[in-house]
Amino acid sequence: MKDKNLLTIESLNKEEILEILDAATLMKQGNYDKNLLENNILASCFFEPSTRTRFSFESAMYRLGGKVISLNGEEASSMKKGETLFDTIKVLGSYADIIVLRHPLEGVAKRAAEAVDKPIINAGDGAHEHPSQALIDLFSIRESQGSLENLNIAVIGDLLHGRAVHSLVLAFLNFCNRLFFISPEEFSLPKSLSNKLRAKGIPFSFNKNLDDIIDNLDVLYVTRIQKERFYDKYDYLGVKNSYRISLEQLRGCKSNLKVFHPLPKVDEIDVNIDNSPYAYYFIQATNGLYVRQALLAKLLRKL
Ligand code: NCD
């Protein structure tokens, strides 16, 4: 990996992405040195709620023999006394070998990376990007479909505020698939992203109805409405429950169709899908561990 940080998925080329996915496969097979990151310390800094991202990064570090120090929001640190995030991160960078940072403001990981010389992983910066999630998504799609090319892929949900979607769409610039986007009208994919797809010649369309395209899909990637990004709760009430995938809707789909979701899911997927052969989201969440093991080892230059 040329870049010492992972701030945006765009910093990785196709070859580097595939190298991480291959390393994650070895991690999943248990085919790795359990002390690979012995003597390495991860600073896990979260200024927004997290379950999977935080615990999978921390677990990944422990599983490779490393150690973890952590910061839970401003309340628990000297930021409460008025210290800037950048002073805080600068100091943490001298205690740890690598930093995972989640923050509600866009661009914070990038600015933090300017303050320290240790690698920084952007674990979500506002509505901007969540690059390690995109790697997990690619790994899971490849695992379930045997390929990352020539697939019919629908992405449904809050495409405007969803940082996982943004990184995934940018990752798709490296692969040739047919993309379908479905969202409430006001939460359509940002133009900057659709322009990039167009420039790369990736075929895509904005669709109104899942039912019109479901029969040909290989991948259905569902996301929740990012209600914490709304400043007006009434806007949220307008789109709440505006889409919900039912098991009934999947009847007649291709037998290889899998449903993905970065999680947490709220009410956008019928619980009956959870135990159907289509659900892949819990396996996807488990894969987070292996992909993050691979990513930590790569960024710490141990692989
Ligand atoms: C995502 C996030 O935080 O952006 N969650 C995750 O990391 N798996 C998606 C979401 O919160 O909807």
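For the structure, see preceding data.
A quick note: this is a predicted structure, and the numbers were derived from the prediction, not measured.

**Q** Can you help me understand helix α1 (residues 14-28) in this one?
**A** Each α-helix winds once per 3.6 residues, and so residues spaced three or four apart point in a common direction. End to end, α1 covers 21 Å across 15 residues, agreeing with the expected 21 Å (1.5 Å per residue, within 8%). All of the buried residues along α1 are Glu 16, Ile 17, Ile 20, Leu 21, Ala 23, Ala 24 and Met 27. Angular distribution of buried residues about the axis of α1 spans 160°; they occupy a single face of the element. Buried positions along α1 lie against α5 (131-145) and α11 (281-299). At the N-terminal boundary of α1, the capping side chain belongs to Asn 13, with an oxygen 3.2 Å from the backbone nitrogen of Glu 15.

**Q** Just checking my understanding: could you explain the packing of α5 against α11 for this structure?
**A** Relative orientation of the contacting elements α5 and α11 amounts to 115°, with a least axis distance of 9 Å. As α5 runs across α11, the sense of the crossing is right-handed. Here Ser 132, Gln 133, Leu 135, Ile 136, Asp 137, Phe 139, Ser 140 and Glu 143 of α5 lie close against α11, whose contacting residues are Ile 283, Gln 284, Asn 287, Gly 288, Val 291, Arg 292 and Leu 295. A breakdown of the residues in the contact of α5 with α11 according to their chemical character gives six nonpolar, six polar and three charged.

**Q** Would you explain the site of the ligand in this entry?
**A** The full set of residues close to the ligand is Thr 53, Arg 102, His 130, Gln 133, Arg 163, Arg 224, Gln 226, Pro 262, Leu 263 and Pro 264. Take His 130: an N or O atom from its side chain is 2.8 Å from an oxygen atom of the ligand. Within the contact set of the ligand, an oxygen atom lies 2.8 Å away from a side-chain nitrogen or oxygen of Arg 224. For the ligand, the accessible surface in isolation is 320 Å², of which the surrounding protein chains cover 94%. Among the residues making up the shell around the ligand, the classes are represented as three nonpolar, four polar and three charged.

**Q** I tried to follow the sheet that holds strand β6 (residues 178-182) on my own but got confused; where do I start?
**A** Two modes of strand pairing occur in sheets, parallel and antiparallel, and in both the strands are linked by backbone hydrogen bonds. Here five strands make up an open sheet; going across it, the order is β7-β6-β5-β8-β9 and the pairing parallel. A single partner strand is all that each edge strand has here, and the edge strands are β7 (204-206) and β9 (258-260). Each adjacent strand pair in this sheet contributes to an overall mean axis angle of 20°, direction not counted. Alignment of strand β5 (residues 152-156) against β6, held across five bridges, turns out to be parallel. From the neighbouring strand, Ala 154 faces β6, where its bridge partner is Phe 180. Strand contacts of α5: β8 (219-222) and β9, with the helix running at about 170° to β9, the strand carrying the most contacts. Of the strands in this sheet, β5, β6 and β8 are in contact with helix α6 (residues 163-172), which crosses β8 at around 150°.

Cut-off values and rules
- Residues numbered from 1 in each chain as written.
- Predicted model: local features only at pLDDT ≥ 70, side-chain atom pairs only at ≥ 80, totals over all residues.
- Heavy atoms only, no water.
- Helix = DSSP H or I, 4+ residues; strand = E, 2+ residues; numbered from the N terminus.
- Expected span 1.5 Å × (residues − 1).
- Buried < 20%, exposed > 50% of the residue type's maximum accessible area, 1.4 Å probe, protein only.
- Arc of directions from axis to C-beta.
- Contact = heavy atoms within 4.5 Å.
- Polar contact = N/O pair within 3.5 Å; in protein donor to acceptor, adjacent residues only side chain to side chain.
- Axes fitted to C-alpha atoms, helices over the stretch in contact; angles between N-to-C directions.
- Left-handed = near helix turned anticlockwise from the far one by under 90°.
- Nonpolar A, V, L, I, M, F, W, Y, C, P; charged D, E, K, R; others polar.
- Near = heavy atom within 4 Å.
- Areas by Shrake-Rupley, 256 points an atom, 1.4 Å probe, with all protein chains shown as cover.
- Pairing = 2+ DSSP bridges.

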